[in-house]
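The residues making up each chain are set out below.
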Amino acid sequence: MNHIALILTVATYVLSLGFYVRYLSAGRELTGRLGTLFLALGLLAHYFALLERSRGLHTVPYHDLYGSMSLFGWLLALTYLGLELYHRQRSVGAFVLPFILAFFVVSQLAPADRLAAPPAKGVIFALHVTLSILAYAAFGLSCVLSVIYLGEQRLLRKHRVGDAVWRLPSLDILDRMSQSSVLVGLISIGIGTALGFVWVDRLTGEVWHYDPKYVVTLLVLVAYVFYLRLARNPSWRGARASQLCIFNFAIVIFSFTVVNLFFSHAHRYF
């Protein structure tokens, strides 16, 4: 079953990427719809792959870096699909699918049956982890959208406009999509962090205990709230806001890698 889910996930994501690229280059509506369809099928197959991976843990696959990467890729795909349907824009899919596919493929380097028992379980803890990784995925998507914004703006200024560039969303829509993604991330990380404190209180009887991860998470929250505020300011919206969004995601990467692996004992992989 695990191999079937793996093959189906890779196949559907690759097909989705191919149709999105074709849609971007040729502009045929049918290929765009097929890209969306195969992305949805890839999400379904990816879900069963996650289910197989976490079966031995009886919770979300958060215990190792590979499982967290797979969950990140799935939530990135889910967030993008939601934004695509909400904003009715498919031309960004060609830039997002490579990241989704890469996270899934790399996550398969460590088989689930070699994982040890997780240090913590429970619905509250599982939701805390899932929402935290969802926030990282949403912030990552906003970073990709910001990079596309800056690239498209540069091509427009240099008058290097081809058919593919014309099929990209307008700069205003890209800006709104990025803000929508950041809003999803802020809501997720806010609720996820609150659930984390509830879980700590139930586990130790203490509402608060110091962890460097808390400080960095607070910094991430402030940074993205600051971004949303400035992105709606006429003097900041556009390129400057996109640059700030990319800088903010660098803090997220620092939190997910350096802080988790070297400074925090309770947040090793999420």
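A brief look at the structure comes next. Worth saying up front: this structure is predicted, and the values here are computed from it rather than measured.

1. What about the layout of surface pockets?
Here is step 1 of the chain: For the largest pocket, the calculated volume is near 280 Å³.
Here is step 2 of the chain: Breaking the lining of the largest pocket down by element, the ones donating at least two residues are α3 (65-87), α4 (93-107), α5 (123-157) and α9 (239-263).
Here is step 3 of the chain: Within the lining of the largest pocket, the residues separate by chemical class into 14 nonpolar, 2 polar and no charged.

2. Looking at the nonpolar core
Here is step 1 of the chain: The biggest cluster of nonpolar side chains holds 61 residues, and the ones touching the most others in it are Tyr-13, Phe-139 and Tyr-224.
Here is step 2 of the chain: Among the elements of the structure, α1 (2-26), α2 (29-54), α3, α4, α5, α7 (171-204), α8 (212-231) and α9 are those that each provide at least two residues to this core.
Here is step 3 of the chain: When sequence neighbours within four positions are dropped, the list of residues in contact with Tyr-224 reads Phe-139, Ser-142, Val-182, Leu-186, Cys-245, Asn-248, Phe-249 and Val-252.

3. Description of the pattern of salt bridges
Here is step 1 of the chain: With the rule as written, the count across this model stands at 6 salt bridges.
Here is step 2 of the chain: Salt-bridge contacts for Arg-90 lead to Glu-84; the nearest nitrogen and oxygen are separated by 3.8 Å.
Here is step 3 of the chain: The salt bridge involving Arg-237 is made with Asp-175; its shortest N-O contact spans 3.7 Å. Residue Arg-237 is located in the loop between α8 and α9, and its partner Asp-175 is located in helix α7; the two are separated by 62 residues in the primary sequence.
Here is step 4 of the chain: Arg-237 sits in the partly exposed class, given a relative accessible area of 41%.
Here is step 5 of the chain: Three or more residues are tied together by salt bridges with common partners; here these are Glu-29, Arg-33, Glu-84 and Arg-90.

Reading guide: rules and limits
Residues numbered from 1 in each chain as written. Predicted model: local features only at pLDDT ≥ 70, side-chain atom pairs only at ≥ 80, totals over all residues. Heavy atoms only, no water. 1 Å grid on protein atoms, 1.4 Å probe; cavity = no way out; pocket = protein on both sides within 12 Å on 5 of 7 lines; lining within 4 Å. Points joined across faces, edges and corners; volume = space filled by probe spheres on them. Helix = DSSP H or I, 4+ residues; strand = E, 2+ residues; numbered from the N terminus. Nonpolar A, V, L, I, M, F, W, Y, C, P; charged D, E, K, R; others polar. Core = buried A, V, L, I, M, F, W, Y, C linked by side-chain atoms within 4.5 Å. Buried < 20%, exposed > 50% of the residue type's maximum accessible area, 1.4 Å probe, protein only. Contact = heavy atoms within 4.5 Å. Salt bridge = Lys/Arg side-chain N within 4 Å of Asp/Glu carboxyl O.

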